[in-house]
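Here is how the chains run, residue by residue.
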Amino acid sequence: MGPFAARDTNANDNIELSYGLGFGLLKSPFGWGAFKEGHGDGFQHYMILFPQQQTAMLIMANSDNAESIFRQLLEIGIADRYTPWKWQQWPSLYN
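### Description of the pattern of salt bridges
Considering all chains together, one arrives at 1 salt bridge under this definition. The closest approach of N and O atoms between Glu-75 and Arg-71, which form a salt bridge, is 3.3 Å. Here the residue Glu-75 and the residue Arg-71 both occupy positions in helix 1 (residues 67–78), the gap between them amounting to 4 residues, near one helical turn.

### So, the confidence of the model for the chain
The share of residues in the chain with pLDDT of 70 or more is 82%, and the mean pLDDT across the chain is 82. Per-element mean pLDDT across the chain ranges from 66 in strand 1 (residues 18–20) up to 95 in strand 5 (residues 55–61).

### With respect to the environment of Ala-56
Counting through the fold element by element, Ala-56 comes out in strand 5. For the pair Ala-56 and Gly-33, spaced 23 residues apart in sequence, the C-alpha to C-alpha distance is 9.2 Å.

### Focus: the packing of aromatic side chains
Applying the stated criterion across every chain yields a total of 3 aromatic pairs. Measuring from ring centre to ring centre gives 5.0 Å for Phe-30 and Phe-50, while their planes differ by 75 degrees; the resulting arrangement is edge-to-face. Pair noted here: Phe-30 is in the loop between strand 2 (23–28) and strand 3 (31–40) and Phe-50 is in strand 4 (residues 43–50), with a separation of 20 residues, a long-range link. Each member of the pair, Phe-30 as well as Phe-50, is classed as buried. One aromatic cluster is present, formed by Phe-30, Phe-50 and Tyr-82 through successive ring pairs.

Definitions and cut-offs
- Residues numbered from 1 in each chain as written.
- Predicted model: local features only at pLDDT ≥ 70, side-chain atom pairs only at ≥ 80, totals over all residues.
- Heavy atoms only, no water.
- Salt bridge = Lys/Arg side-chain N within 4 Å of Asp/Glu carboxyl O.
- Helix = DSSP H or I, 4+ residues; strand = E, 2+ residues; numbered from the N terminus.
- pLDDT = per-residue confidence, 0-100.
- Phe/Tyr/Trp six-rings, centres within 6.5 Å; stacked < 30°, edge-to-face > 60°.
- Buried < 20%, exposed > 50% of the residue type's maximum accessible area, 1.4 Å probe, protein only.

Quick look at the structure:
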């Protein structure tokens, strides 16, 4: 994903990050999580769910810079500190 897509790395081995058929998968203390993101002109969204916890969050925004607050919303809303932010290459209000 992004300009580093062809580069091999083990930076996300601790969460067993994988991606396929439209959803990303990661392992966390909440169990396995599945996430999906997307954006276009004037629209950005992100969804993550943790089935074992019966927890999920969907964020949809009519904005070109909404991704800058996704991390904060997910951490406050459902304590998601496991989304691979560097891998997503999202801007953030904080790192």
